[in-house]
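Observations on the model geometry
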Amino acid sequence: MIRGEFPVPEPVLLDWELPLYAHGLTVPPAPPTRVDREVEDGEVLPFGGGAVVVHAPGHTPGSIGTHLPRHGVLFAGDCIARVDRVMLGVFNVDRAGAQASFRRLAALSPSVACFGHGDPLTESAAATLRAAADSLDDRA
């Protein structure tokens, strides 16, 4: 999808996401981009004392997080957001998969969590992520 070789899948939207998504459609689509390197789940990258790739599908099939275990930092990508509260990211193509990914990322118990949308969580990150993961509604 990033290379423009496959279409971007349509998200499965909840009612409250519809107006947000409609607003987002006013933004021009991102152009295809060159991919210099593909990564795999569990791969350790040579920065941050060993950055671990965490496959976190749901928002999109290839979504990832990046965990810096040496520093206790998690970059959650778009799987988790912090807009007024810590929550499941929006516009997911596979909501159940996104919820499972949220739980997987929360289980890493980071000291600091950074999100694609919203301010970083720098205090009580592990407990806050676990509580948010535990409150996910699997029915939606």
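One structure accompanies this document, and this report is about it. (Residues numbered from 1 in each chain as written. Predicted model: local features only at pLDDT ≥ 70, side-chain atom pairs only at ≥ 80, totals over all residues. Heavy atoms only, no water.)

1. Topic: the pairing of strand β2 (residues 51–55)
The test is simple: Should DSSP find at least two bridges between two strands, the strands are regarded as paired. Helix numbering and strand numbering both begin at the N terminus, where a helix is a DSSP run of H or I of at least 4 residues and a strand a DSSP run of E of at least 2.
Direction of pairing for strand β1 (residues 44–45) relative to β2: antiparallel, over a ladder of two bridges. Across the sheet, residue Val44 finds its bridge partner in β2, namely Val52. Remark: five residues form the turn of the hairpin made by β1 and β2, two consecutive strands paired antiparallel; Gly48 in that turn has positive phi of roughly 60 degrees. Sheet topology places β2 next to strand β3 (residues 64–68); four bridges connect them, and they run antiparallel. Within β3, the position partnered with Val52 by the bridge is His67.

2. A word on the sheet that holds β1
The strands making up a sheet associate through backbone hydrogen bonding, with each pair oriented either parallel or antiparallel. Judged by pairing direction, the sheet is mixed, and its five strands sit side by side in the order β1-β2-β3-β4-β7 without closing on themselves. With one partner strand each, in any of the chains shown, β1 and β7 (112–114) form the two edges of the open sheet. As judged from the three bridges shared by β3 and strand β4 (residues 73–75), these two strands associate in the antiparallel manner. Along β4, the bridge assignment pairs Thr66 with Phe75.

3. As for the pattern of salt bridges
We count it as follows: When a carboxyl oxygen of Asp or Glu lies within 4 Å of a side-chain nitrogen of Lys or Arg, that pair is called a salt bridge. Whether a residue is buried, partly exposed or exposed follows from its accessible area with a 1.4 Å probe, protein chains only, as a fraction of its type maximum: under 20%, in between, or over 50%, in that order.
The full count for this structure, using the stated rule, is four salt bridges. Where Arg37 meets Glu43, a salt bridge forms, and the shortest distance between an N and an O atom there is 2.3 Å. Notably, a salt bridge pairs Arg104 with Asp41, separated by 3.0 Å at the nearest N-O pair. Highlighted residues: Arg104 in helix α2 (residues 95–106) and Asp41 in the loop between α1 (18–24) and β1, separated in sequence by 63 residues. Judged by relative accessible area, which is 38%, Arg104 ranks as partly exposed. The class for Asp41 is partly exposed, based on a relative accessible area of 43%.

4. With respect to helix α3 (residues 125–134)
In plain terms, the rule: Arc, as used here, means the arc of the directions from the helix axis to the C-beta atoms. Residues count as neighbours in contact if any of their non-hydrogen atoms are within 4.5 Å of one another.
Burial in α3 covers these residues: Ala125, Ala126, Leu129, Ala132 and Ala133. Along the axis of α3, the buried residues cluster in a sector spanning 135 degrees; they form a single face. Along its buried surface, α3 packs onto β4, β5 (80–83), β6 (85–88), α2 and β7.

Such coordinate-based values are descriptive only and should not be taken to indicate function.
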